[in-house]
Structures are given as structure tokens and as C-alpha cells.
Amino acid sequence: MNLRCPSGARGSVMACALAALGTPTLATADDSPTGVRTNTARLMGTDAAEVIDAPVLGLQRTAIPLFAGLAVDTSLYADALLAPNLGLRWAVAAGPHRVVLGARYTHFVGASVYSDAVESEAPAIRRFEPELTGPSFYGVYGLVLGPLLVQGEARYARYTSDYLSFTAGVGLNFAGNWSVVGEAGVRVEGGSSLRAAAGIRYGGDHFGFGLGAAYVDLSDPALPGESLPVLPVFDLSWTFR
């Protein structure tokens, strides 16, 4: 999921962390012998243009394939941050072309927990009530060119305010199951305008691993230095084949 990252309140740290880790993120199904594999159909902060063909247990995405490219999924990161979520994803591969459509609903149950924590640590904030419940929708088109994946994602979310972003992503398989990935895009509505991320992914037949950083451009008086330019992106997964 993607959330608006407001400035000037301690709660913005929580919101941006949820956005980076829960957003509500290449799958192992690939009809070509080469290509990027991530095991969870995620790059860094965006969905990857691939088909999920086997059950996967992962931090960024846990999914169960159904039929005809459909899969149900959730983000364990967001679940652990008291934002239980459930999504439905459809993907198709036609030669080098990949198309993905997905939707997810998040029901935030941690308002009182976060409110108590923020208000106790920042007495100047008399009332903090995060509202992060609502649906999100995304679409991805990708093109596989040998070891290179090029893709574009559009994402819209409706919480207390609208969130709309467009992001381009690339993945390059450089050795075995290892790939480097990068993303760059803009938020048209909600939060700061620029979004970017980069990192490395390993996608074996079973074990998957991801490590990188996402640019969030967060300013907050409660932070040391009053700014948080990046957040780490970390993922572990296991595919059941």
C-alpha cells in the first residue's frame, strides 16, 4: 500500500514506514530462460511485472495463486504494523510482454496504539489520529528483453486523501539468480513529489532475498536533523514448489 507522508508530526514517520514496507512488491513464473526473479513479484517499492505461479511466504508479499494468473496476497510487513490487508492480483505473460492488475484493501487497527505512542513522546501534539483504511489499485506493464526488465506502474489509493503515483522500474539479471533493480517516479497526489528506490535481489527456486533503500524525503521536527531522506527496504521470502 502507499500512504501520504505528512510533515510536521511524529506520526509521519509511521506513515512513511508503512508506505515503504507495506506497499501494499518479479515472480518466479517466466516463460523465457533469462530475466529478473524476485520470488515475490516485487521490485523495491513497486509491483513487478510477473506472474505468481506458486505459493510464496514473504515479508513484502505473501501470496497464494488461484487460476488463470489470479492470486490472493497480503503484506506481512503491513500486517505486523497493525494494518491488516488483503489483495487480489491478476497477471499475464505473452512473449516478452507482461501485464499486471491488482487491488488491495487495508483496514488499519492501530490508531489508538500509534496515537498513544506519538502523544506520549511529543506532548506538543495534543491529538493524533492516523486514518489509513481504504482501497488501493495498481496496474503494471513490463517488457522482458533477455536479462533486462523494463516496466511502468500506475498506483492509486484512497485513504483520508487520494494518493496517485507513476513509477518506472528496471531490473537487470547480472549473475545467476542475482539482479539489481532501480525505480524512479512521481507522486501526483499525496506526499512528496519524487519517489525513487534501488537495491539488489536474489530469486532462487525457493529462497528469495532483497535489500535496498527508498527515497522518502521526509521532514519531521521530531527527527534528529529534522529529516529522513531514505528508508531501508528489506525482504525475505520462501516459494513452495
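Residue numbers here run from 1 along each chain, matching the order of that chain's written sequence. In view of the model being predicted, local features appear only for residues whose pLDDT reaches at least 70, and side-chain atom pairs are presented and counted only at 80 or more, with totals across whole chains, interfaces and linings using the full set of residues. Side-chain measures here rest on the full set of heavy atoms in the structure, leaving out hydrogens and waters.

Colleague: Quick rundown of the pattern of salt bridges? Include the residues and the values.
Modeller: Here, a salt bridge means any Lys or Arg side-chain nitrogen found within 4 Å of an Asp or Glu carboxyl oxygen. Scanning all chains against the criterion turns up ten salt bridges. Residue Arg 201 pairs with Asp 235 through a salt bridge whose shortest N-O separation is 2.8 Å. You can see Arg 201 sitting in strand E10 (residues 194–203) and its partner Asp 235 sitting in strand E12 (residues 227–239), a full 34 residues away along the chain. Relative accessibility decides the category of a residue: with a 1.4 Å probe and only protein chains considered, values under 20% of the type maximum give buried, values over 50% give exposed, and everything between is partly exposed. Residue Arg 201 is classed as buried on the basis of its relative accessible area of 1%. Given a relative accessible area of 1%, Asp 235 falls into the buried group. Counting from the N terminus, the helices are the DSSP runs of H or I reaching at least four residues and the strands are the DSSP runs of E reaching at least two.

Colleague: Got a sec to walk through the nonpolar core? Specific residues and values, please.
Modeller: Generally speaking, a soluble globular protein has its nonpolar side chains buried in company with each other. The nonpolar core is taken to be a set of buried Ala, Val, Leu, Ile, Met, Phe, Trp, Tyr and Cys residues, with the residues joined through side-chain atoms within 4.5 Å. In this structure, Val 36, Ala 49, Val 51, Ala 91, Val 100, Tyr 138, Val 140, Val 144 and Leu 149 together form the largest nonpolar core, which totals nine residues. Among the elements that line this core, the one with the most residues is strand E6 (residues 134–145), at three residues. Counting residues in hydrophobic clusters, the runner-up holds seven residues, among them Met 44, Val 181, Ala 197 and Val 233.

Colleague: Summarise the packing of aromatic side chains; cite the residues concerned and give the values.
Modeller: Each Phe, Tyr or Trp ring, with Trp reduced to its six-membered ring, pairs with another whose centre is within 6.5 Å; inter-plane angles below 30 degrees give stacked pairs, above 60 give edge-to-face pairs, and intermediate values give tilted ones. For the structure shown, the criterion picks out three aromatic pairs. For the pair Tyr 202 and Phe 207, a centre-to-centre distance of 6.3 Å together with 40° between the ring planes defines the contact as tilted. Their ring planes at 75° and their centres at 5.9 Å tell us that Phe 209 and Phe 234 sit as a pair that is edge-to-face. With Phe 209 in strand E11 (residues 207–219) and Phe 234 in strand E12, this pair connects stretches of sequence that are 25 residues apart. Residue classification places Phe 209 among the partly exposed residues on the basis of a relative accessible area of 21%. Every member of this aromatic cluster is reached through a ring pair, and the members are Trp 178, Tyr 202 and Phe 207.

Colleague: Explain the pairing of strand E8 (residues 162–175) to me, using residue names and the numbers behind them.
Modeller: Strands were regarded as paired on the criterion that DSSP finds at least two bridges between them. Across eleven bridges, strand E7 (residues 148–158) lies against E8 in antiparallel orientation. What sits directly across from Arg 155, in E8, is Ser 165. In this antiparallel pair of consecutive strands, E7 and E8, the connection spans three residues. By the bridge criterion, eleven bridges tie E8 to strand E9 (residues 178–189) in an arrangement that is antiparallel. If you follow Val 170 over to E9, its bridge partner there is Gly 182.

Colleague: Explain a nonpolar patch on the surface to me, using residue names and the numbers behind them.
Modeller: A cluster of nonpolar side chains, Leu 57, Leu 76, Phe 207, Leu 211, Phe 234, Leu 236, Trp 238 and Phe 240, forms an exposed patch at the surface whose accessible area comes to about 700 Å². Elements with a minimum of two residues in the nonpolar patch: E11 and E12. When residues of the nonpolar patch are assigned to their parent elements, the largest contribution, three residues, is made by E12. Inspection of the secondary structure assignment puts Leu 76 in helix H2 (residues 76–80). Residues form patches when they are more than 30% accessible in relative terms and have no salt bridge. Like charges link within 9 Å. Nonpolar side chains (Val, Leu, Ile, Met, Phe, Trp, Tyr) link within 5 Å. Computed with a 1.4 Å probe, the accessible areas rest on the Shrake-Rupley method; for each residue, only the protein chains presented here act as cover.

Colleague: Lay out the confidence of the model for the chain with the relevant residues and their values.
Modeller: With 71% of its residues at a pLDDT of at least 70, the chain reaches an overall mean of 80. pLDDT expresses how confident the predictor is about each individual residue, on a scale running from 0 to 100. By definition, residues are in contact when any of their heavy atoms lie within 4.5 Å. Contacts from residues 1–33, a stretch scored under 50 in pLDDT, to residues over four places away or in other chains number 122 contacts. Scored below 50 in pLDDT, residues 220–224 makes 13 contacts in the model with residues more than four places away or belonging to other chains.

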